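Read off the chains here:
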Amino acid sequence: MKSFHSFRLDPPNQCLWRGEQRIPLTPKAFDVLRYLVEHHGRLVTQGEILEALWPETYVNPELIKKYILGIRKVLGDQHDKPVFIETFPKRGYQFVAPVRDDTAAELAEVPSETERKMVGRKAALAELQRSLSKALRGNRQVIFVTGEAGIGKTTLVDVFHQWAARRPNLRVARGQCVEGFGGKEAYYPMLEALGQLIRDSDNNPVAQILAKRAPTWWIQFPSLVKAEKREALQREILGATRERMVREICETLEAITADNPLLLIFEDLHWVDDSTLDLMSALARRREPAKFMLLGTYRPADVVLSKTPLKGLKQDLQVHHLCTEVALERLEEPAIAEYLATQFPNGSLPGGLAKLIYRHSGGNALFMVEIVQDIVKKGLIVQARGAWMLTKPLKDIDPGVPETLQQMLDLQFSHLSAEEQRILNSGSVVGERFSVWAVRPTLGMETDRIEDLLEGLAEKEQFVRSAGLQELPDGSVSAHYEFKHSLFRQVLYRRLSSISRSKLHRRIGDQLRLLYTQDRPELASELALHFEEGHEYEHAIRYLLLTAESAQHRFAHGDAIPVLRHAHELVQKIASNIRVEMEIQILKRIGDAHYALGQVVEASQAYQAEVDRAAQARLTKEEVSALSRLAYTTSPTDSHLGIAASERAVELSKSLGDPTLLARTRILAAAFRLLHDRWRKEDAEICTTTIAIIEQLSAKDVQVALEILYPAQALILQGQYRFALNAEDKVRNVTGSSGLIGNLGAWGKSLALLHMGQLGELVATLRTLIDAAEKNGNKLWFCAFGGMEAWLRTLAFDFQGARKLCDTVLPMCTGNPGRTPRAVTLLSAGDAELGLGNNQEAVHCFSEVKSMTNEQFYMYWYWRMRSARGLARTWLESGNIANARREADCFLQTALSTADPNMQALAWEMKTRVAIAEKDWTLAGESIQAALAVLEEREVPMCAWCVHATAWEFYRLQKNDESAERHRVQAETGIHTLARSFPEQEPLRAIFLAADPVRRILGAAAAVK
Ligand SMILES: Nc1ncnc2c1ncn2[C@@H]1O[C@H](COP(=O)(O)OP(=O)(O)OP(=O)(O)O)[C@@H](O)[C@H]1O
Ligand SMILES: [Mg+2]
């Protein structure tokens, strides 16, 4: 590691250390400094720097000048007598300070300045070290350092960090939680830490692991994703959920620790966001061995204030021995004496001084340090002849020290110049870190003047310290400062009157807004806070909406909801002419977020509120659109409400004179009636004639996508499969509904493929879908696609496989929305049992579906027909012909009331089989003719071979060999087409071809030949 004076370059963490103090630099500033240090002692030209650091881009050489200027500031270099970087005008720069190359071993032996300065805390440090040793042996560790503000948590963690960083190969990454309402950015500390781990992404192993294993996280670093990979990545993360995001990062961290151990430090968890908490909980609970340690700090009192569930999590983990807590106590008097001894070596200070400081500070480390600095500043401790001594008797010092830290800081503040005070006031409004650029507009002072004053304060260790550089939108850089401690900022901020506070917030918000780009979504919440405090509610709401959007981009819909609800509260404070529109927009977003989480009840409530609000304000167009949303969210739980909402939308849109909108509402209502109520010709016609109009709309948003998908599904039930396939293609790129659209489209497509007999493609499609649903922890879609796979297996005669799958899926189909997958799966289970000869079980399965369909739900009438068919087949198999006839009649009657050619052909075929069993040859003949007539008119690939097989049977019994053979050949052709739709290697293909009913047809061919 390269070091110079009291500075040390830390390339793995891309920062600079001054003794114990970590000075963050922007990546490029760090690179410039590193380049100069690595080539110290010789002139480095501007051209050389440009070529080395910006190899393929054009960069204005002026920029380097700015970087050098900034770096000099950070180092405290002076222009006229440079100690670090010397400028050779028009030629370049030279790093002139002597550079040491410390090996890790050397560093390990020399304790850092912080380590030397830290007193007490031996037991706590030892505990952390023990924990790390366990982690290095593969026992994952979670440990919390807790205690009141200023007690010394960060100091302990810094010392431990420096000690740990000297272990060979250990990776350390830190993330900071930030205060503020909207400040709860989902996964903020984890993303910050990851950002440190994946720098130099090209040949960085962590970046490679992340890209491979955690697409949901990789996409959060858009600048690292290569353009050609972006689309594939988008598809891969379709429908991702919070569970998946958490699991992916857990697995990634484990993979990272396979070669090098990892220490992850999260600071100030009292401000943690819920998503990060979820992640911590998962990390702590996983059983897989990992050389991993998570170290978090927090103030217990603030955990209570901020109402985060952190306390519950820690207690739960503690009960299960999954975490440890190191609670820091206040420093004792001997520790304070030790502190004085390290600060004032060779001193002859009276023993009572430590007692005095102890009494005043109460052992709070921060207070202790401030008191000592105060005493020094007042000239009460001086160095004379190499020894430190008091200039006044101890008893006279006593009254000079204020009683609380706050009072002491107040006093210190009052001694600053008016300009200094104004700068610090503005800084305290920006936050714990602030740049000169951000505060400048509030001050009416020159940048140089501000920087000089801040530099002066930093040098005197008053309130602030220098904290690196920040890049600005125009490519220039600005110096950054941070408060020495968060309490300092708090004290200054609280002193401000509410009027000046809000004025400052407004100005600063206006300035920081210039920094907001898509690459920096985390700024949105900060801006929302400034504008809210600045009483600019309209801006505040806009940035809250952006904050929610960025949470949703991280699949943290749950985190977006409180942000949106807060925006909804603020809406009451804005001008009335825009209020309603904004309110409606927010309610929609709240509904969308719940919907994405699968919380249909809450989503319906939000959409209902949206409907009411729009109705109240007579915004009919908005009301119509909200009603459509209400229709699709209520329908999974209550079909009647869903239909009612969609019909109301049609009524209202009639008055709007917008033919496209009317078409859209009509098609949705028609589709809902078809799918949830019963088959009506008029509705089917609306779907067929209108879908062409809807298909021309671009399906970018969720709503249009649904208006395409639902009717397309209804049309499958009329034997029109093409729409469903097209629809899936069209909506593929719709995002923002947590995969709902993607899954709904895929469901329709699978249903179409199944009916079209394209079984190979169906197998492949279902496997990806089931895999994704499993990864996303999405039970409902797992069941839906699992049930569909079981259905496919029964069609291919793989009864064992189907039954096994049903056993997994059935217990997971719960609640009202689970009714559809339950019906699909039960029907497959019934078919499987029947195939395996377990007739009684089969009757159970089919009867359960039958009784489920006494209520209306998605496609319920279709499932009822299938249950009637299943029962008819089972009764026939069991020899109960009367029951079989009853069910077959019922099946036929319903099928004829629909327009589904597949069901109609199968119903006539069933009727034929019952008639054959009853030896009613006339009826059998008429029925099979009717079945064959359907096939002539419509293409029904999935069931055609079965109809021909029954026809073959019938004509054989009639001794009409010629007709029998004609149908056998057609059945054989159908069989081969189906078999060929599977890939050669697909096991289902062999199972299908080896099944008895199939072999009978094929075997009879051999017999004929
Ligand atoms: N053990 C110690 N020995 C000497 N000085 C200490 C010690 N602990 C803390 N300090 C001093 O006290 C100051 C405050 O400590 P620190 O920032 O670690 O507190 P904290 O517990 O992290 O506070 P917060 O909860 O606000 O983050 C530090 O800047 C450091 O100078
Ligand atoms: Mg701290």
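Rules of the game
Residues numbered from 1 in each chain as written. Chains lettered and ligands numbered in written order. Predicted model: local features only at pLDDT ≥ 70, side-chain atom pairs only at ≥ 80, totals over all residues. Heavy atoms only, no water. Core = buried A, V, L, I, M, F, W, Y, C linked by side-chain atoms within 4.5 Å. Buried < 20%, exposed > 50% of the residue type's maximum accessible area, 1.4 Å probe, protein only. Helix = DSSP H or I, 4+ residues; strand = E, 2+ residues; numbered from the N terminus. Contact = heavy atoms within 4.5 Å. Phe/Tyr/Trp six-rings, centres within 6.5 Å; stacked < 30°, edge-to-face > 60°. Lys NZ or Arg CZ within 6 Å of the ring centre and 35° of its normal. Near = heavy atom within 4 Å. Polar contact = N/O pair within 3.5 Å; in protein donor to acceptor, adjacent residues only side chain to side chain. Areas by Shrake-Rupley, 256 points an atom, 1.4 Å probe, with all protein chains shown as cover. Pairing = 2+ DSSP bridges. Axes fitted to C-alpha atoms, helices over the stretch in contact; angles between N-to-C directions.

Q: For this particular structure, what's the right way to read the nonpolar core?
A: Proteins that are soluble and globular tend to have nonpolar side chains buried together. Membership of the largest hydrophobic core comes to 147 residues, with the highest contact counts inside it found for Tyr-710, Trp-747, Tyr-862, Trp-863, Phe-891 and Phe-992. Looking at which element gives the most residues to this core, the answer is helix α35 (residues 702–716), with eleven residues. The contacts of Phe-891, once residues within four sequence positions are left out, are Met-865, Ala-868, Arg-869, Met-903, Leu-906, Ala-907 and Met-910. In terms of nonpolar packing, the next biggest core, distinct from the first, is built from 141 residues, Ile-336, Met-408, Leu-457 and Leu-472 among them.

Q: For this particular structure, what's the right way to read the packing of aromatic side chains?
A: The relation between two aromatic rings is expressed through the spacing of the ring centres and the mutual angle of the planes. Throughout the structure, instances matching the rule amount to 27 aromatic pairs. Look at Phe-160 and Trp-163: their rings are 6.0 Å apart centre to centre, the planes differ by 25°, and that puts the pair in the stacked class. Pair noted here: Phe-160 and Trp-163 are both in helix α7 (residues 153–165), with a separation of three residues, about one helical turn. Taken individually, Phe-160 and Trp-163 each receive the classification buried, so the pair is uniform in this respect. A cation over a ring is seen here: Arg-167 above Trp-163, with NZ or CZ 4.1 Å from the ring centre.

Q: So what exactly am I meant to see when it comes to the site of ligand 1 here?
A: In the neighbourhood of ligand 1, 20 residues make up the surrounding shell, with Lys-153, Thr-154, Thr-155, Arg-299 and His-485 lying closest. Residue Thr-155 places a side-chain N or O atom 2.7 Å away from an oxygen atom belonging to ligand 1. Here His-485 contributes a side-chain N or O atom positioned 3.1 Å from an oxygen atom of ligand 1. Protein contacts shield 87% of the accessible area of ligand 1, which totals 620 Å² for the unbound molecule.

Q: Just to check I follow, could you spell out the sheet that holds strand β18 (residues 477–483) for this structure?
A: Strand pairing in a sheet is mediated by backbone hydrogen bonds. Such pairs are either parallel or antiparallel. Judged by pairing direction, the sheet is antiparallel, and its three strands sit side by side in the order β16-β18-β17 without closing on themselves. If you trace the sheet from one side to the other, it starts and ends with β16 (433–435) and β17 (464–471), each paired once. Strand-to-strand twist in this sheet, taken as the mean axis angle between neighbours without regard to direction, amounts to 30°. In terms of strand pairing, β16 meets β18 through three bridges, oriented antiparallel. Bridge assignment links Ser-435 to a residue of β18, and that residue is His-480. Sheet strands touched by helix α23 (residues 447–459): β16, β17 and β18. Its angle to β17, the strand with the most contacts, is close to 135°.

Q: I keep staring at the pairing of strand β7 (residues 92–95) and nothing clicks. Help me out?
A: Put simply, side chains in a regular strand alternate between the two faces of the sheet. Along β7, one buried face is formed by Gly-92 and Gln-94 and the opposite face, lined by Tyr-93 and Phe-95, is buried too. Sheet topology note: the strand β5 (residues 43–45)/β7 ladder contains three bridges and is antiparallel. For Val-44, the partnering residue across the bridge sits in β7 and is Tyr-93. Here strand β6 (residues 85–88) pairs with β7 via four bridges, running antiparallel. Note that in β7 the partner of Thr-87 across the bridge is Tyr-93. Counting the residues between successive antiparallel strands, the hairpin from β6 to β7 contains three residues, one of them, Lys-90, with a positive phi of roughly 65°.

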